[in-house]
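# What the coordinates show
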Amino acid sequence: MFGHKFNDEAYRRDLVDKIQKLKKAKNAVIIAHNYQREEVQKIADYHGDSLALAQTAVRTDASIIVFCGVHFMAESAAILNPNKKVLLPVLEAGCPLADMVTVDKLREAKAKHKGAVTVCYVNTSADVKAESDICCTSSNAVRVVRSLREKEVIFIPDKNLGRYVQSQVPDKKIILWEGFCQTHLRLSEHDVKAAMARYPGAEFIAHPECDPEVLAHAAAILSTAGMFKHVKKSSKNEFIIGTELGILYRLQVENPEKKFYSPTPHLLCAHMKLTTLGWVLHALENEIHVIKVDPDIAERAKKTLERMLEVCQETKEQVLGDGT
Ligand code: 13P
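In what follows, the accompanying structure is described. (Residues numbered from 1 in each chain as written. Predicted model: local features only at pLDDT ≥ 70, side-chain atom pairs only at ≥ 80, totals over all residues. Heavy atoms only, no water.)

## Things to note about the nonpolar core
For soluble globular proteins, nonpolar side chains are generally found buried alongside one another. If you look at the biggest cluster of nonpolar residues, it comprises 80 residues, and the most contacted ones within it are Phe67, Val119, Phe155, Val165 and Met308. Here this core takes seven residues from helix α4 (residues 71-80), the largest share from any one element. When near neighbours in sequence (up to four residues on either side) are disregarded, methionine 308 contacts Leu51, Ile134, Cys135, Cys136, Thr137, Asn140 and Val144. Residues Leu15, Val16, Ile30 and Ala32 belong to the second largest nonpolar core, which totals 18 residues. (Core = buried A, V, L, I, M, F, W, Y, C linked by side-chain atoms within 4.5 Å. Buried < 20%, exposed > 50% of the residue type's maximum accessible area, 1.4 Å probe, protein only. Helix = DSSP H or I, 4+ residues; strand = E, 2+ residues; numbered from the N terminus. Contact = heavy atoms within 4.5 Å.)

## Points about the packing of aromatic side chains
Using the criterion set out here, one finds two aromatic pairs in the structure. Between tyrosine 199 and tyrosine 261 the ring centres are 3.6 Å apart and the planes differ by 0°, which places this aromatic pair in the stacked class. Placement of the pair is tyrosine 199 in the loop between α10 (189-198) and β9 (203-206) and tyrosine 261 in strand β12 (residues 259-261), with a sequence separation of 62 residues. Seen in terms of ring centroids, phenylalanine 239 and phenylalanine 260 are 5.8 Å apart; in terms of plane orientation they differ by 15°. Their pairing is stacked. Taken together, the positions of phenylalanine 239 in strand β11 (residues 238-242) and phenylalanine 260 in strand β12 put the pair 21 residues apart, joining distant regions of the chain. Accessibility classification places phenylalanine 239 together with phenylalanine 260 in one group, the buried group. The cationic tip of arginine 250 hangs over the ring face of phenylalanine 228; the distance from NZ or CZ to the ring centre is 4.3 Å. (Phe/Tyr/Trp six-rings, centres within 6.5 Å; stacked < 30°, edge-to-face > 60°. Lys NZ or Arg CZ within 6 Å of the ring centre and 35° of its normal.)

## Thoughts on the environment of lysine 172
By the element assignment, lysine 172 lies in the loop between α8 (159-168) and β8 (173-175). When its relative accessible area of 6% is taken as the criterion, lysine 172 is described as buried. When the C-alpha positions of lysine 172 and isoleucine 291 are compared, they lie 36 Å apart, and in sequence the two are 119 residues distant. Once you skip the residues sitting within four places of it in the chain, lysine 172 turns out to touch Val145, Leu148, Arg149, Glu150, Lys151, Val153 and Gln166.

## Regarding the site of the ligand
Taken together, His33, Tyr35, Asp49, Ser50, Asn123, Ser138, His184, His207, Glu209, Ser223 and Thr224 are the residues near the ligand. Glutamate 209 is positioned with one of its side-chain polar atoms (N or O) 2.9 Å from an oxygen atom of the ligand. At 2.6 Å, a side-chain N or O of threonine 224 approaches an oxygen atom of the ligand. (Near = heavy atom within 4 Å. Polar contact = N/O pair within 3.5 Å; in protein donor to acceptor, adjacent residues only side chain to side chain.)

## Examining the pattern of salt bridges
When their charged atoms lie close together, side chains carrying opposite charge are able to pair. Scanning the entire structure with this criterion turns up 18 salt bridges. Close ionic contact of glutamate 108 with lysine 105 constitutes a salt bridge, the shortest N to O distance being 3.9 Å. Taken together, the positions of glutamate 108 and lysine 105, both in helix α5 (residues 103-112) and three residues apart, correspond to about one turn of that helix. Judged by its relative accessible area of 46%, lysine 105 is partly exposed. In this structure, glutamate 131 engages lysine 110 in a salt bridge whose closest nitrogen and oxygen atoms are separated by 3.2 Å. With a gap of 21 residues between them, glutamate 131 in the loop between α6 (126-130) and β6 (134-136) and lysine 110 in helix α5 connect regions that are remote in the sequence. On the basis of relative accessibility, which here comes to 13%, the residue glutamate 131 falls in the buried class. (Salt bridge = Lys/Arg side-chain N within 4 Å of Asp/Glu carboxyl O.)

## Examining α8
When α8 is considered as a whole, its buried residues turn out to be Asn160, Leu161, Gly162, Tyr164 and Val165. One side-chain oxygen of the residue at the start of α8 lies 3.2 Å from the amide nitrogen of asparagine 160, identifying that residue as aspartate 158.

Set out below in structure tokens:
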């Protein structure tokens, strides 16, 4: 009726072509979290977990960083790179977990537990990081807590990660926060048991944001980058992956001889999926949305992030993380 048929593949190729040209012309780099859409992961220069992406952001000499992830990740990159332009293609890509702690609530907890040190998960806003003592990611949370002199730790905001850290560092008293990841919470013990029955030869590995009943079945509890390393060196050939579905694409690309299953199709983070090729191009063309942090907050939040990066260096942490 319209004289031509819309060609999806040609449209995609055109977008990729334009993105590559603009990236070169503007000395930009595209970094993507492991949960991003396949089409976005394919055009990224770097991918990884929260720790690897923070470290990549520090090392790059690009003038523009297009951050394909969620808001707190781009904000961390902006804090660590005050002289670079950090773009978040979709401003609405947030993290409900990060929104579960505010500066006021944290101050109340600090007043109640005087003498305790505050460890904030990287999934927090800049002002909460500025109010904390040291940051951590799922790759290094155990190492970070072990490195502290203080016995009492306020751990914000993920309760499950905090609980997991407590199990690994029994000599500390971890004060847990009532925060959770909506995506990981959708994975039930029932789903895991059913998947294990469906794929009896497969090993179940899980992200520490999952519920404890789920983690109890895991052969390994790992960050997303930790999962890549684990799978690569494992003698097993089949894996049930207890984290967001986006990770399956590159796990399969990097390990073509192995098989990967998700225990439920509901392990999907809608925020992570907001970024598409079209929005990446739009961001590069218009240089939006620039992530800016108030300089005073940025300076204090930077110390919190840098303290974490120092702990990783001291313990010779590798860029891709090797799990907690
Ligand atoms: P990783 O650091 O393991 O990639 O986790 C990031 C995250 O936001 C999980 O919900």
